[in-house]
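Observations on the three-dimensional arrangement
Residue-level listing of the chains:
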Amino acid sequence: MLYYKLSYGVLFLPVTMIIYQLISKRFRWVALLIASIFFYYIVSSYSIKYLAFPVLGAVITWGIGLWLEKLEKKRKEMLGSVSDKSEKSKIKAGFTKKSRGVLILGILALLSMLLYLKYFNFFIINLNSVLAKLSVEHKFSVMEIMIPLGVSFYTMQAMGYMADVYWKKVPAEKNPLKMLLFLTFFPTIVEGPIASYTDVHKTLFGGESIDPDNVIRGYIRISWGAMKKLVIADRLYPAVNALFDMSYEAKGGEVLAAAVLFTVMEYLDFSGCMDMVLGSATVFGVKLPENFRQPFFARNASEFWRRWHISLGVWFKTYIFYPVSMSNLAKKWGKFSKGRVGKHASRMVASAMALLPVWICNGLWHGPKWTYIFYGIFYFVVIMTELIFEPLGDMILAKLKLTRENKAVDFIRIFRTWIVIFVGELFFRADTLPYSFKMFKSMFSGFSLSFLWNGAALGWGLDIYDWLVVLFGLLIVIIVNVIKEKGTDILGGLLEKPMALRWALTLGILFIILIFGLYGPGYQEVDMIYAGF
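Residues numbered from 1 in each chain as written. Predicted model: local features only at pLDDT ≥ 70, side-chain atom pairs only at ≥ 80, totals over all residues. Heavy atoms only, no water.

Attention shifts here to the overall build of the protein. Secondary structure summary: the protein contains 19 helices and 0 strands in total. Here the C-alpha atoms of the protein give a radius of gyration of 25 Å, agreeing with the 24 Å that 2.2 N^0.38 yields for 533 residues. Principal-axis analysis of the C-alpha atoms places the extent of the protein at approximately 85 × 70 × 65 Å. Of all 533 residues assigned to the protein, the portion counted as buried reaches 48%. (Helix = DSSP H or I, 4+ residues; strand = E, 2+ residues; numbered from the N terminus. Rg over C-alpha atoms; globule rule 2.2 N^0.38 Å. Buried < 20%, exposed > 50% of the residue type's maximum accessible area, 1.4 Å probe, protein only.)

Along the chain, Asp 466 turns up in helix α17 (residues 464–485). For Asp 466 and Phe 516, which are 50 residues apart along the polypeptide, the C-alpha to C-alpha distance reads 9.0 Å. When sequence neighbours within four positions are dropped, the list of residues in contact with Asp 466 reads Arg 235 and Gly 461. (Contact = heavy atoms within 4.5 Å.)

Once that is clear, we can look at the pattern of salt bridges. Across all of its chains, the model carries 17 salt bridges by this definition. Two residues, Asp 269 and Lys 229, come together in a salt bridge whose shortest N-O distance is 2.9 Å. In this pair, Asp 269 is assigned in helix α9 (residues 253–283) and Lys 229 in helix α8 (residues 212–244), connecting sequence segments 40 residues apart. Exposure class is identical for Asp 269 and Lys 229. Each is buried. Between Asp 394 and Arg 404 there is a salt bridge, with its nearest N and O atoms 2.8 Å apart. (Salt bridge = Lys/Arg side-chain N within 4 Å of Asp/Glu carboxyl O.)

Moving on: the packing of helix α6 (residues 176–184) against helix α7 (residues 197–206). The contact between α6 and α7 brings their axes to 11 Å, and the two run at 115 degrees. Classified by the interaxial angle, the pair formed by α6 and α7 is roughly perpendicular. Crossing handedness for the pair α6 and α7: right-handed. Listed contacts from α7 to Lys 178, Leu 181 and Phe 182 of α6 are Tyr 197, Val 200, Leu 204 and Phe 205. Classifying every residue of the contact of α6 with α7 by side-chain character gives 6 nonpolar, no polar and 1 charged. (Axes fitted to C-alpha atoms, helices over the stretch in contact; angles between N-to-C directions. Parallel < 35°, antiparallel > 145°, perpendicular 65-115°, else oblique. Left-handed = near helix turned anticlockwise from the far one by under 90°. Nonpolar A, V, L, I, M, F, W, Y, C, P; charged D, E, K, R; others polar.)

Quick look at the packing of aromatic side chains now. Under the defined criterion, the tally for this structure stands at 54 aromatic pairs. Where Phe 270 meets Tyr 530, the ring centres are 3.8 Å apart and the plane angle is 5 degrees; that geometry is what we call stacked. You can see Phe 270 sitting in helix α9 and its partner Tyr 530 sitting in the segment after α19 (499–516), a full 260 residues away along the chain. For the pair Phe 270 and Tyr 530, one class covers both residues: buried. Ring plane angle 75 degrees and centroid distance 6.3 Å describe the contact between Trp 460 and Trp 467, whose orientation is recorded as edge-to-face. Residue classification places Trp 467 among the buried residues on the basis of a relative accessible area of 15%. Over the aromatic face of Tyr 4 sits the side chain of Lys 229, whose NZ or CZ is 4.9 Å from the ring centroid. The ring of Tyr 372 is capped by Lys 369, whose NZ or CZ atom sits 5.1 Å from the centre of that ring. (Phe/Tyr/Trp six-rings, centres within 6.5 Å; stacked < 30°, edge-to-face > 60°. Lys NZ or Arg CZ within 6 Å of the ring centre and 35° of its normal.)

We now examine the side chain of Lys 118. With respect to the helices and strands, the residue Lys 118 is situated in helix α4 (residues 85–133). Glu 191 provides the closest opposite charge to the buried, salt-bridge-free Lys 118, at an N-O distance of 12 Å. Polar contacts involving the side chain of Lys 118 include one to the side chain of Ser 152, which spans 2.7 Å. (Lys, Arg positive; Asp, Glu negative; His and termini not counted. Polar contact = N/O pair within 3.5 Å; in protein donor to acceptor, adjacent residues only side chain to side chain.)

Right, let's talk about helix α12 (residues 328–337) for a bit. Given 3.6 residues to a turn, an α-helix orients residues that are three or four positions apart in the same direction. Three or more residues of α12 are buried, namely Ala 330, Trp 333 and Ser 337. The buried residues of α12 all sit within an arc of 60 degrees when viewed along its axis, so they share a single face. Across α12 from its buried face, at more than 90 degrees, point the exposed residues Asn 328, Lys 332 and Lys 335. Where α12 is buried, its residues contact α11 (310–325) and α13 (343–366). The positive-phi residue at the C-terminal boundary of α12 is Gly 339, with phi of around 85 degrees. (Arc of directions from axis to C-beta.)

The next thing to look at is α7. Within α7, burial applies to Tyr 197, Val 200, Leu 204 and Phe 205. All buried residues of α7 project into a common sector of 100 degrees when viewed along the axis, lining one side. Buried positions along α7 lie against α2 (28–43), α5 (151–166) and α6. The first or second residue beyond α7 is Gly 207, which carries a positive phi of 70 degrees.

The next point concerns the nonpolar core. When a protein is soluble and globular, its nonpolar side chains tend to lie buried together. Phe 186, Phe 284 and Tyr 379 are the most contacted members of the largest nonpolar core, which totals 151 residues. Considering each element in turn, this core owes the most residues, 18 residues, to α9. Discounting chain neighbours no more than four positions away, the residues touching Phe 186 are Tyr 3, Tyr 8, Phe 12, Leu 13, Thr 16, Leu 32, Ala 35, Ser 36, Phe 39 and Phe 284. (Core = buried A, V, L, I, M, F, W, Y, C linked by side-chain atoms within 4.5 Å.)

Our focus in this paragraph is the packing of helix α14 (residues 370–399) against helix α15 (residues 407–429). The geometry of α14 relative to α15 is characterised by a closest axis approach of 10 Å and an angle of 165 degrees between their N-to-C directions. In terms of their interaxial angle, α14 and α15 are classed as roughly antiparallel. Here α14 and α15 pass one another in a crossing that is right-handed. Where α14 approaches α15, its residues Thr 371, Tyr 372, Phe 374, Tyr 375, Phe 378, Tyr 379, Val 382 and Leu 397 are matched on the opposing element by Val 409, Val 420, Ile 421, Val 423, Gly 424, Glu 425, Phe 427 and Phe 428. Considered class by class, the residues forming the contact of α14 with α15 number 13 nonpolar, 2 polar and 1 charged.

Residue Gly 192 is joined to Pro 193 through a cis peptide bond whose omega torsion reads 10 degrees. In this fold, Pro 193 is placed in the loop between α6 and α7. We note that Ser 135 has phi near 65 degrees; this positive angle belongs to a residue other than glycine. The residue Ser 135 is located in the loop between α4 and α5 in this model. Judged by relative accessible area, Ser 135 falls into the exposed class, the value being 63%. The phi torsion at His 309 lies on the positive side, around 45 degrees, for a residue other than glycine. Take His 309: it is sitting in the loop between α10 (301–307) and α11.

Printed below as a string of structure tokens:
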């Protein structure tokens, strides 16, 4: 019963809405919690044991938050009882150390659980590989470990919450069940977005009555997201699998097609699911952060990541980039470099110090594969290269009497970013790192786009009907994205239209899904890509 299933839209959501609306405002968050637990139980293959992990995570997070708040209260009491400045400084330093220790304890507890579940076997496999190369006969056993759905998403939300309490951005949540709802809210538990406590707590626990406009807005967005996934993304799945098949030996233009088709499939799958997630939350008046903002209009790699999986980028920026930038190591470098190296060089080293852990963590977050780790390093290198040569690029533009806003320059920058995106996704999707390099190298061997007209593309698992549906669907998505990029609020504008027109549009999208969507007997269900991260 995932977001794109008929049972979700016509049964689970309406029943949850009715129960939510019928009970007292004070306890409506309980209805959302029960619905979330039930949803997680179903999507976890009806296994109650998977619930133990988010529950344990919620208990740890709730306890650490209260502990931090208790230390802060005690600190204020002690500071109020003394007047000597040196004594106050000692008290502040002592409690800062204690609070930092509590925060680190909480983060380590959550990280230990995440690392064990997702990366233990990866570590063992690579350790065995190293031992084999050293001619050591002993091998460590790989364990059968169940990985709970959404563990990366709710773990990051939990760690962010603890850091926010430590930084006194938010008060500690007193109710452990509300903490459990924050971490397991059914629209976000599978694929995010990664929401901060400040983003959602007011609307999540507020219990406001369901607004008919929100229901219409929510269902239109759910339908739009389902169309992107079921009509386009899932239809591209056989072609992507065929082109990335290690036995296929794709060359030249076919490798380029593999990278482009996977990028399109991934974007429509993930952004489509985000539309369904945000639409579901909108039905209940819960405001979640947007996760996509027309990423293919980005002018460089940095901007691309400010538009793609936005909540992940914001999390890394808030909880890794900024703390590293303000660390003692960064301050020491700032003092050392002053007067010794140029400002640009000093800034580049400082940027590299903060960006490297961000991009290593970004790669690791996606999963225990060397291709993901390389993907993170790839973007680190690209972004650092952009930063290093940015002054040179500005100088060249100035000499040519051009600006970045020039349409030709703008087009070149966007096209250049597409190349970075497609190359990155080629390495991201490949089964192994050696195979990804092999594919990349073969792209330049006998390059040809003849598959566009000689019928070879029909051998990738799609017939001419499928390709026409994909092209028509992509055209609609592109038009919508262009309109949104110009700043038009499409959904907001629809709410100003007559009720009949709004429902006609919703039904129209549903008919497109019914006619052109992939589902039913004989259909191989395609899992949501980011649900596995």
